[in-house]
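One letter stands for each residue in the lines below.
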Amino acid sequence: FVSFHGPLGIMSAHGSDTHRDDGGSRSHHSSESRSSAGLSNSRAQVNNFVSTVRTGDNRIVESHKRITSAKLAYLIASRKSLSESCNTLPFTVIMAVMFLVLVWLHGYIGSAYQMGSAIRQAVEQVHVDVPIRSSATVLNSSRTVTVGSFSESDDIMRWVAGGMVPLLGNEASRVQRLFGYVQGFNKVVGGLRMVQTRSSLEPCSVNGDLRFFYGSMCHPLTSISTDKFGVGLEDGAFVPAADGSFITWLEAGRGEAALMRRVESLRQRKWLDSSTSHLRIEAVFFSGELRLYTMLSIDIDFLRGGVIQSSANTRTQVCNPYPDLGFIFPDFLWFCLVFVLFQQEFRQLQVEARKGTLLLYFTEMWNILDWSSIVFGLVVIVRWILIIDQVGTLNTLTVAIPGQVPPVPVWETQQVSLSDVQSEREYHSRLSDVFNAMNEMEVHTRAHNIVIFWYILIILARFFKGFKGQPRVALISETLRIGSVDVVHWVLIFGLVFFNFAVGGHLLFGVRVKEWSSFSMSVNQCFRVLLGQFDYEAMAEWSPVLVGVWFWSFIVVIYMLTLKLLVAIVIDTYMHVRAHAGQGQTLYSQTKEILSELRWSFSYEGGHREHATLEGLLDVLVGEHPEMGQILRTNLLGIQTDGKVRRKWAGMERPVEVTLKDLVARGIDVPTAERLVQRCNKSVRKQLPYGENMLDRLSVGVEMELREMRSRLVKTDREFKDWQQDSLSKLKSVARKQRRCTKVAKFVRKDCELPPGWSVQIDEETGDEYYLHEASGVAAWTLPRSLQPGRNVITMG
């Protein structure tokens, strides 16, 4: 038999199959009666449980109606948490808007895409017909070559001569009779630069017989050759530069015919051969219409399997970040926002240093986020200043390029003077400075964009800090925070399974399908399979059965099991957080409360406070409960949404009530004190430290009753100790008196002893006692004086 009798009600579990009647006799029931009795008992237990929870809720509410110091501190701390969140969110919104404005003003993203796509499409649309060769014989037929369809080095040189060079003087440019403009608006800065990297000749890494059978030297891609090659060593294109590469220039100022002769000369002299491992064709364009520089890079890789891979990319830089003074104002405003944030955090840092809680300050996540916002904001500002300085350098180098190219091309003249060689080298050096400056700016701009990307994530995290003040919205962020541990373990399992399937796909399909030919591409293709964007027929051409086994195994294990497990983790975490978060305010009710506080703050009663502030009252209350200070320092923003925090706060309840007179005595003015009492009474349900779960409400009720019982036991123990002290003091006094009485009693007992031969008799008529000497028969009312040496006779009654 288990029973619980307490203030919450009576819970009992009756499990016996017998009962005792009024006379104390015991009778047995049949199995049917026992079953019906058990069912009725179960129903009774359920009803008793529900009534107990309801009774417990009422008891909890009744107990919460008493305004204690802990409840008052909870209310003030909740208002402080809401104030911090409301102050953080508008500042974060302003910072995010200003940051997006800066990105839009200085990024020139739309114009950069317009100019870059125009140049890239113009290059990709260039096609040249080249003759088809059979060994050394040229056939009458031809094939079309584009930037992505090179099959041999000769195709590249023919494409440059027949496509890239005429592109500099296309139809739109010839209308204006200008050479060196692409699409009519984009002027070429200097010309085209072709940079070649060559690999050295080395014996093949095979055994001797196979090396003899192969009959040729190998060109490993890991080696770099810096030896002169070709015919006409006076040509700079066949002489290595300082970095070991081989560079040739196609100066736009020489005209289309001269450039075509130059490319044809390089083709005939085999500037590109089997030792070439990489070729980059570069060109810098300037658009005065868009105020942008654009660098075109065509990268061509010569793989040792005979395949030539090529890709065209464009990178854009602004030439004037501040065309007018209006562009400076957003930058100045952004700097002021970062400075204001730094000032706020620095003041808070000083306060924490005076309190001696500096280490605890830096262990809080939101403080680390604020300082990350400051540090990354300063990094963004410093990197932008460096980019502005590099833009000025690029403009200076561009303007310093001579308007006229050297009149005599060294590569086309048999006998050249030293002055002609120096003039051409100086011209090429100036062009190299522009190209190198563009490449360097690309590195800094990419790093700057990475910092901007991380700063966007920091601003996003600051929004979550503001959302902590709204319980319903904070459920999402709290779900992500609590579920992150399980998600990390899920990612571990998912990564192992996923990468195993990627390795299997790479081994099975990499030989036949391009998308699976490398491990990185296989990982990317697995994600495409997961999203349903892949070519199943191309995979199934090799082995339909094996592809089917791999594909359906991937779908079942990854899609149907692993991803569903992630969804289950998120849903379970969300339900757990929602069950323990309590009855939080909605956004509508919280907005009404904020507006009410604003109206109160601008009213006469709320605006004329001459006494202590609520912040000071909170410090006093925290001084009475040191545990509260620990919670406020570590989790102020989670005081309304974190169930554990509210439970811990509820565990600090004390039976000491706070009245209106107490608040006034603590320095709060009367209107503010009355408003605090009213709000405490109104927010009873909002402050209850339980969620929607009935078991949680019951457990919280039991905890509260146990706390009350503990307080009563503490009071009883204190009263018992006082009574014990008083009793001990009285017992000591009685003991002292007893010792004195004992001494007196010894003398009395000695005096009351009769001499030998005497006895005490009772007179039958009067009932009085008298003394009788047995031997002599002498009787006396008192003993003779001779028998009482120095003492009086004491009559024993």
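Presented here is a report on the structure given in the accompanying data block. The structure presented is a predicted model; accordingly, all values stated were derived computationally and were not measured. (Residues numbered from 1 in each chain as written. Predicted model: local features only at pLDDT ≥ 70, side-chain atom pairs only at ≥ 80, totals over all residues. Heavy atoms only, no water.)

Okay, the overall build of the protein next. For the protein, the helix and strand inventory stands at 23 helices and 15 strands. Looking at the 797 residues of the protein, the share that counts as buried comes to 38%. Long-range contacts, defined as pairs at least 24 residues apart, comprise 66% of the intrachain contacts of the protein with a sequence gap of at least 6. (Helix = DSSP H or I, 4+ residues; strand = E, 2+ residues; numbered from the N terminus. Buried < 20%, exposed > 50% of the residue type's maximum accessible area, 1.4 Å probe, protein only. Contact = heavy atoms within 4.5 Å.)

Attention now moves to the side chain of Gln390. One can find Gln390 in helix 10 (residues 365-399). When sequence neighbours within four positions are dropped, the list of residues in contact with Gln390 reads Glu440, Met441 and His444.

Before going further, it helps to examine the state of the cysteines. Across all of its chains, the model carries 1 disulfide by this definition. With a sulfur-sulfur separation of 1.7 Å, Cys204 is cross-linked through a disulfide to Cys218. Handedness of the Cys204-Cys218 disulfide follows from its S-S torsion of about 95°: it is right-handed. Residue Cys204 is found in the loop between strand 8 (186-198) and helix 6 (208-214), and its partner Cys218 is found in the loop between helix 6 and strand 9 (246-251); the two are separated by 14 residues along the sequence. (Disulfide = S-S within 2.5 Å.)

One open sheet holds the 3 strands; their spatial order is 13-14-15, and the pairing between them is antiparallel. Sheet topology places strand 13 (758-762) and strand 15 (779-780) at the edges, where each strand pairs with a single neighbour. Where strand 13 lies against strand 14 (residues 769-773), 5 bridges are found, and the strand directions are antiparallel. Along strand 14, the bridge assignment pairs Val760 with Tyr771. (Pairing = 2+ DSSP bridges.)

Axis separation between helix 12 (residues 471-509) and helix 13 (residues 519-531) bottoms out at 9 Å; the angle between their running directions is 115°. For helix 12 against helix 13, the interelement crossing comes out right-handed. Where helix 12 approaches helix 13, its residues Phe498, Phe499, Phe501, Ala502, Val503 and His506 are matched on the opposing element by Phe519, Ser522, Val523, Cys526 and Phe527. The residue inventory of the contact of helix 12 with helix 13, partitioned by class, reads 9 nonpolar, 2 polar and no charged. (Axes fitted to C-alpha atoms, helices over the stretch in contact; angles between N-to-C directions. Left-handed = near helix turned anticlockwise from the far one by under 90°. Nonpolar A, V, L, I, M, F, W, Y, C, P; charged D, E, K, R; others polar.)

The subject of this paragraph is the side chain of Arg193. Its place among the elements puts Arg193 in strand 8. For Arg193, a relative accessible area of 5% puts it in the buried group. Among the polar contacts made by the side chain of Arg193, one reaches the side chain of Glu282 at a distance of 2.6 Å. Aside from chain neighbours lying at most four places away, what touches Arg193 is Ile247, Thr248, Trp249, Arg280, Ile281, Glu282, Ser432, Phe435, Asn436 and Asn439. (Polar contact = N/O pair within 3.5 Å; in protein donor to acceptor, adjacent residues only side chain to side chain.)

One turn of an α-helix holds 3.6 residues; hence residues three or four places apart share an orientation. The first and last C-alpha atoms of helix 8 (residues 328-355) sit 41 Å apart over 28 residues, in line with the 40 Å expected at 1.5 Å per residue. When we look at burial in helix 8, the residues that qualify are Pro330, Asp331, Trp334, Leu337, Val338, Leu341, Glu345, Leu349 and Glu352. Two residues or fewer after helix 8 comes Gly356, characterised by a positive phi angle close to 80°. (Expected span 1.5 Å × (residues − 1).)

So, about the packing of aromatic side chains. Where two aromatic rings form a pair, the distance of their centres and the angle of their planes describe that pair. In this structure the tally under the stated criterion is 29 aromatic pairs. Summarising the aromatic geometry, the rings of Phe501 and Trp550 are spaced 6.1 Å apart at their centres and angled 75° between planes, so their arrangement reads as edge-to-face. Pair noted here: Phe501 is in helix 12 and Trp550 is in helix 15 (residues 544-580), with a separation of 49 residues, a long-range link. Here a set of aromatic residues connected by ring pairs shows up, and it is made of Trp490, Phe494, Phe498, Phe499, Phe501, Phe509, Trp516, Phe519, Phe527, Trp550 and Phe554. Positioned above the aromatic ring of Phe229 is the side chain of Arg198, whose terminal nitrogen or guanidinium carbon lies 3.7 Å from the ring centre. Looking at Lys564, its charged tip hangs above the ring of Tyr559, at a distance of 5.0 Å from the centre. (Phe/Tyr/Trp six-rings, centres within 6.5 Å; stacked < 30°, edge-to-face > 60°. Lys NZ or Arg CZ within 6 Å of the ring centre and 35° of its normal.)

The next thing to look at is the nonpolar core. Trp159, Val160, Met194, Trp271, Leu279, Ile298 and Ile300 are the most contacted members of the largest nonpolar core, which totals 49 residues. Take this core: its biggest share by element is 8 residues, from helix 4 (residues 153-167). Discounting residues that sit within four places of it in the chain, Ile300 has contacts with Phe150, Ile156, Ser277, His278, Leu279, Ile281, Ile308, Gln309 and Ser310. (Core = buried A, V, L, I, M, F, W, Y, C linked by side-chain atoms within 4.5 Å.)

Let us now look at the pairing of strand 11 (residues 292-302). With 10 of 11 residues buried, strand 11 is to be regarded as a mostly interior element. Relative to strand 11, strand 10 (residues 276-287) runs antiparallel, the two sharing 10 bridges. Residue pairing for strand 11: Ile281 is matched across the bridge by Ile298. Between strand 10 and strand 11, which pair antiparallel and follow one another directly, the connecting turn spans 4 residues, one of which, Arg291, has a positive phi of 60°. Relative to strand 12 (residues 308-318), strand 11 runs antiparallel, the two being bridged by 11 bridges. Bridged to Tyr293 within strand 12 is Gln317. Joining the antiparallel neighbours strand 11 and strand 12 is a turn of 5 residues, in which Gly306 adopts a positive phi near 100°.

If you walk through the whole model with that rule in mind, you get 17 salt bridges. Arg143 is the partner of Glu152 in a salt bridge, and the nearest nitrogen-oxygen pair spans 4.0 Å. A relative accessible area of 27% means that Glu152 is categorised as partly exposed. When its relative accessible area of 24% is taken as the criterion, Arg143 is described as partly exposed. The partner of Arg254 in a salt bridge is Glu424, with the nearest N and O atoms 3.7 Å apart. Note that Arg254 is positioned in the loop between strand 9 and helix 7 (256-268) and Glu424 in helix 11 (residues 418-467), a separation of 170 residues in sequence. (Salt bridge = Lys/Arg side-chain N within 4 Å of Asp/Glu carboxyl O.)

Let's shift gears to a nonpolar patch on the surface. A cluster of nonpolar side chains, Val375, Phe376, Val379, Ile450, Phe453, Trp454, Leu457 and Leu460, forms an exposed patch at the surface whose accessible area comes to about 700 Å². For the nonpolar patch, the secondary-structure elements that each account for two or more residues are helix 10 and helix 11. The element that contributes the greatest number of residues to the nonpolar patch is helix 11, accounting for 5 residues. On the secondary structure map, Leu457 appears in helix 11. Classification of Leu457 as partly exposed rests on a relative accessible area of 33%. (Patch = residues over 30% accessible without salt bridge, like charges linked within 9 Å, V, L, I, M, F, W, Y side chains within 5 Å. Areas by Shrake-Rupley, 256 points an atom, 1.4 Å probe, with all protein chains shown as cover.)

Okay, helix 3 (residues 109-124) next. Here helix 3 is 16 residues long and its end C-alpha atoms lie 22 Å apart, about the 22 Å a rise of 1.5 Å per residue gives. Of the positions making up helix 3, those classed as buried are Ala112, Met115, Gly116, Ser117, Ile119, Ala122 and Val123. Buried residues along helix 3 sit against helix 4, strand 7 (181-182), strand 8, strand 10, strand 11 and strand 12.

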